Amino acid sequence: LFAQVTGLSSLRELCEGLMARRGSLYHMGLGAPRRSTLADAMAKRPVAVFRDICSLLLGQAQRSVRRESEALITLLDATPVNIRDPRCQWAEADARTRGLKLHLGYEPRPDMLNWIDLTSPKISDVTCARTKPVAAGMTYVYDKGYLNFGWWHKIDAAGAFFVSRLKTNTKRREVTGRTEPLEPGILGDSTLKIGHTAPRGGAVNPLYDTVLREILVER
């Protein structure tokens, strides 16, 4: 953390910077750092502590910034991080990428990240998103990679909203179009229900009886 805050880029700089504040080290119960100890720590200790600190700081920023935001909107997306270096034998691969996958939730109005995750590329977009808490009143916007009726039902049950695109083979039921004139650029505005009662493999569609809104826009 000291290296990050002060912009230090080497273990030597870090050791010298900490040694310049021996009094602070003493009050924290720490001794003089050694480069070899720091190198061992970087090689062997998990990065989870930095992830948790990042999540804590993001949560504090959200509470202060959201009060100034006009709307609560979170954009969800994921992107592959290709790693082709032969020294990185630990990197896993899916059908398209060898390396990592970056997942994120981003609020565009306050220009602020909600959360970030790095996973194996084998982890699907929606699998990661389903592990994140759902905030009441939030509108989640995402693409077809996040199609999962169970997760969409969880968002709806939590008092939140979602905007997405349906796949072309999604079953549409009880479609009712608006009778009043549509705004320019809007080709259709309907209410509908989607999916089958039991899609396949004995699964249950919890979104089966939920009335949704579908808007067709001009491209």
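Thresholds applied
- Residues numbered from 1 in each chain as written.
- Predicted model: local features only at pLDDT ≥ 70, side-chain atom pairs only at ≥ 80, totals over all residues.
- Heavy atoms only, no water.
- Helix = DSSP H or I, 4+ residues; strand = E, 2+ residues; numbered from the N terminus.
- Rg over C-alpha atoms; globule rule 2.2 N^0.38 Å.
- Buried < 20%, exposed > 50% of the residue type's maximum accessible area, 1.4 Å probe, protein only.
- Phe/Tyr/Trp six-rings, centres within 6.5 Å; stacked < 30°, edge-to-face > 60°.
- Lys NZ or Arg CZ within 6 Å of the ring centre and 35° of its normal.
- Salt bridge = Lys/Arg side-chain N within 4 Å of Asp/Glu carboxyl O.
- Patch = residues over 30% accessible without salt bridge, like charges linked within 9 Å, V, L, I, M, F, W, Y side chains within 5 Å.
- Areas by Shrake-Rupley, 256 points an atom, 1.4 Å probe, with all protein chains shown as cover.
- Core = buried A, V, L, I, M, F, W, Y, C linked by side-chain atoms within 4.5 Å.
- Contact = heavy atoms within 4.5 Å.
- Axes fitted to C-alpha atoms, helices over the stretch in contact; angles between N-to-C directions.
- Parallel < 35°, antiparallel > 145°, perpendicular 65-115°, else oblique.
- Left-handed = near helix turned anticlockwise from the far one by under 90°.
- Nonpolar A, V, L, I, M, F, W, Y, C, P; charged D, E, K, R; others polar.

Q: What is the right way to read the overall build of the protein from this model?
A: Secondary structure summary: the protein contains seven helices and nine strands in total. Taking 2.2 N^0.38 as the reference for a compact globule, 219 residues should give roughly 17 Å; the C-alpha atoms of the protein span a radius of gyration of 24 Å, well beyond that estimate. Seen through its C-alpha atoms, the protein measures out along the principal axes to roughly 75 × 45 × 35 Å. Split into buried and exposed, the 219 residues of the protein put 26% on the buried side.

Q: Help me out: how do you make sense of the packing of aromatic side chains in this one?
A: Each aromatic ring pair is specified by the distance between its two centres and by the angle formed by the two planes. One pass over the full model with this rule turns up six aromatic pairs. Measuring from ring centre to ring centre gives 6.1 Å for tyrosine 142 and tryptophan 152, while their planes differ by 40 degrees; the resulting arrangement is tilted. Placement of the pair is tyrosine 142 in the loop between strand E5 (139–141) and helix H7 (149–157) and tryptophan 152 in helix H7, with a sequence separation of ten residues. Summarising the burial analysis for this pair, tyrosine 142 and tryptophan 152 share the class buried. If you follow lysine 132 out to its NZ or CZ, it ends over the ring of tryptophan 115, 5.0 Å from the centre. The ring of tyrosine 208 has arginine 173 lying over it, and the distance from NZ or CZ to the ring centre is 3.7 Å.

Q: Sorry, what's going on with the pattern of salt bridges here?
A: Two side chains that carry opposite charge are able to pair once their charged atoms sit near each other. Summed over the entire model, instances satisfying the criterion amount to nine salt bridges. For glutamate 180, the salt bridge identified is with arginine 178, shortest N-O distance 2.9 Å. The class for arginine 178 is partly exposed, based on a relative accessible area of 37%. Each of Arg178, Glu180, Asp189 and Arg213 takes part in a single network of salt bridges with overlapping partners.

Q: I would appreciate a short explanation of a nonpolar patch on the surface in the present structure.
A: A grouping of Leu1, Val47, Val49 and Phe50 is seen on the molecular surface, where their side chains present a nonpolar patch of about 410 Å² in accessible area. Relative to the elements of secondary structure, phenylalanine 50 occurs in helix H5 (residues 48–66). Of the residues examined, phenylalanine 50 reaches a relative accessible area of 47% and is grouped as partly exposed.

Q: For this particular structure, what's the right way to read the nonpolar core?
A: Soluble globular proteins: nonpolar side chains tend toward being buried together. Grouped together as the largest cluster of nonpolar side chains are 20 residues, with contacts concentrated most on Leu76, Tyr142, Tyr146, Trp151 and Trp152. Only strand E1 (73–82), helix H6 (125–129), H7 and strand E8 (186–194) provide two or more residues apiece to this core. Of the residues forming this core, the biggest block, four residues, is contributed by H7. The residues contacting leucine 76, other than those within four sequence positions of it, are Leu104, Gly105, Trp115, Ala129, Tyr140, Val141, Tyr142, Tyr146 and Trp151.

Q: Whenever I open this one, the packing of helix H2 (residues 11–19) against helix H4 (residues 35–44) confuses me. Can you help?
A: Axis angle and axis distance: for two packed helices, these are the angle between their axes and the distance between the axes, and together they describe the pair. With their axes 10 Å apart at the nearest point, H2 and H4 run at an angle of 125 degrees to one another. With respect to each other, H2 and H4 are oriented oblique. The handedness of the crossing between H2 and H4 is right-handed. Contacts between H2 and H4 involve Leu11, Arg12, Leu14 and Cys15 on the former and, on the latter, Arg35, Leu38, Ala39 and Met42. Partitioned by chemical class, the residues of the contact of H2 with H4 number six nonpolar, no polar and two charged.

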